[in-house]
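Close look at the chain arrangement
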Amino acid sequence: MSDPTRVFLLDDHEVVRRGLRDLLEAEDDLVVTGEAGTAEEALRRIPATRPNVAVLDVRLPDGNGVEVCREVRARHPEVRCLILTSFADDDALFQAIMAGASGYVLKQVKGVDLVDAVRRVAAGEALLDPRVTARVLDRFRSGPDADPRLEALTGQERRILDLIAEGLTNRQIAARVHLAEKTVKNYVSNLLTKLGMERRTQAAVYAAGLRDAAPPRA
C-alpha cells in the first residue's frame, strides 16, 4: 500500500481548518501533516512538515496565499499548491497561475470534489474551478497588454520573450535577432525580473499561453 498524500492547510479561520482536516483525514489515502493561520507561519512550517500538497487560502492577515504559493514553489518545487478561496477573484486566479499553483477552487465546492482536487493535484494534474476558468481565458484573449507587467518590457525584450515561448535557446535567439549570446542572456535576466519570475520555463509557459489564447489575426 502506498504512503498517504501529505497535506498542509493554510487558512486564517480555525473552524475552516478544522473542517478541512476532518474532511481530508476521513479518507484513508490523505493525512494532514500541518496547518497555519498566517502566511508567516505557513512559510515556516511547510518545510518541516514536508507536504505533497499545500491547500492555501488567498486572503490572510499578513499577506495572501498567492505569495505563499510563489515562495513555496520557488523554495520547494516538489510541493504542489491548491488555492482555496471564497472569492472568485479574476486577478488572484491569474496571479495564482503565474505563481505556479496547480489548482484553484472556490470554498463553495462540494466536499467530495475538494478531496478529488487534492488527489488530482497530488498526482500532478492541473485544475481550475470551471466557474472562474472562462473569465481567466477572457483575460488572456484580451491580449498581452492586459497584464501591466508586460508594459515594462522593451520591444526587444518582448521579442525575446516570444522566442523563448518557441523553445529557442539563448544561442538560437542570438542568431535570430543578431545579438551576442551574452547580450541575450542579459535581456532574459532583465525580462524575468520585470515579470517577477525566477525561471525561464515560467516565462515560456506564460508567453505561450498569451500567444495561444490571443484571437486569430484577420
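In this report, we go over the structure that sits alongside the text. (Residues numbered from 1 in each chain as written. Predicted model: local features only at pLDDT ≥ 70, side-chain atom pairs only at ≥ 80, totals over all residues. Heavy atoms only, no water.)

**Overview of the overall build of the protein chain**
Across its full length, the protein chain holds 10 helices and 8 strands. In the protein chain, the proportion of contacts linking residues at least 24 apart, taken out of those at least 6 apart, comes to 63%. Within the structure as shown, the protein chain displays about 11,500 Å² of accessible surface, and the carbon and sulfur contribution to it stands at 50%. (Helix = DSSP H or I, 4+ residues; strand = E, 2+ residues; numbered from the N terminus. Contact = heavy atoms within 4.5 Å. Areas by Shrake-Rupley, 256 points an atom, 1.4 Å probe, with all protein chains shown as cover.)

**Some words on the state of the cysteines**
Each disulfide is one covalent bond, formed between the sulfur atoms of two cysteines. Under the definition given, this model contains 0 disulfides. Free cysteine: C69, not disulfide-bonded; nearest cysteine sulfur from C81 at 3.8 Å. (Disulfide = S-S within 2.5 Å.)

**Looking at the packing of helix α7 (residues 155–165) against helix α9 (residues 181–195)**
Between α7 and α9, whose axes approach to 10 Å, the crossing angle comes to 95°. Our classification of the angle between α7 and α9 gives roughly perpendicular. Here Q156, E157, I160, L161 and I164 of α7 come into contact with α9, specifically with Y187, V188, N190, L191, K194 and L195. Taken together, the residues that form the contact of α7 with α9 break down as 7 nonpolar, 2 polar and 2 charged. (Axes fitted to C-alpha atoms, helices over the stretch in contact; angles between N-to-C directions. Parallel < 35°, antiparallel > 145°, perpendicular 65-115°, else oblique. Nonpolar A, V, L, I, M, F, W, Y, C, P; charged D, E, K, R; others polar.)

**Notes on the environment of E27**
Among the structural elements, E27 can be located in the loop between α1 (14–25) and β2 (30–36). E27 gets classed as partly exposed once you look at its relative accessible area, which sits at 27%. Along the backbone, E27 and P4 are 23 residues apart, and their C-alpha atoms lie at a distance of 9.3 Å. Apart from residues no more than four positions distant in its own chain, E27 is found in contact with V115 and R119. (Buried < 20%, exposed > 50% of the residue type's maximum accessible area, 1.4 Å probe, protein only.)

**Digging into the packing of α1 against helix α5 (residues 111–122)**
It is the contact of α1 with α5, at a shortest axis distance of 10 Å, that shows an interaxial angle of 75°. Classified by the angle their axes make, α1 and α5 are roughly perpendicular. For the pair α1 and α5, the contacting residues are L20, L23 and L24 in the first and G111, L114, V115 and V118 in the second.

**Overview of the pattern of salt bridges**
Considering all chains together, one arrives at 15 salt bridges under this definition. Put simply, D116 and R120 hold a salt bridge, and the shortest N to O gap is 3.6 Å. Linking D116 with R120, this pair stays in helix α5, spanning 4 residues, or about one helical turn. Owing to a relative accessible area of 30%, R120 belongs among the partly exposed residues under this scheme. (Salt bridge = Lys/Arg side-chain N within 4 Å of Asp/Glu carboxyl O.)

**Re the nonpolar core**
One finds L161, I173, L191, L195 and Y206 to be the most contacted residues of the largest nonpolar core, which totals 25 residues. Among the secondary structure elements, those contributing two or more residues to this core are α4 (90–99), α7, α8 (170–177), α9 and α10 (200–213). Among the elements that line this core, the one with the most residues is α10, at 6 residues. Counting residues in hydrophobic clusters, the runner-up holds 23 residues, among them A42, V58, I83 and L93. (Core = buried A, V, L, I, M, F, W, Y, C linked by side-chain atoms within 4.5 Å.)

**With respect to the pairing of strand β1 (residues 5–10)**
Taking burial as the measure, the 6 residues of β1 include 5 buried ones, the bulk of the element. In this region the chain leaves β1, passes through α1 and returns to the parallel neighbour β2; the handedness of that crossover is right-handed. Pairing geometry for β1 and strand β3 (residues 53–56), over 4 bridges, is parallel. Bridge pairing in β3 links L9 to V55. (Right-handed = clockwise from strand over helix to strand, strands pointing away. Pairing = 2+ DSSP bridges.)

**Digging into α5**
Spanning 12 residues, α5 covers 17 Å between terminal C-alpha atoms, matching the ideal 16 Å at 1.5 Å per step. All buried positions along α5 are accounted for by L114, V115, A117, V118 and V121. Down the axis of α5, the buried side of the element spans an arc of 155°, and every buried residue falls inside it. Downstream of α5 by a residue or two, G124 has a phi angle that is positive, lying close to 100°. (Expected span 1.5 Å × (residues − 1). Arc of directions from axis to C-beta.)

**Observations regarding the side chain of R17**
Mapped onto the elements of the fold, R17 is located in helix α1. Judged by its relative accessible area of 13%, R17 falls in the buried class. A polar contact is formed between the side chain of R17 and the backbone oxygen of D11, at a distance of 2.7 Å. Discounting residues that sit within four places of it in the chain, R17 has contacts with L9, D11, D12, E35, A36 and G37. (Polar contact = N/O pair within 3.5 Å; in protein donor to acceptor, adjacent residues only side chain to side chain.)

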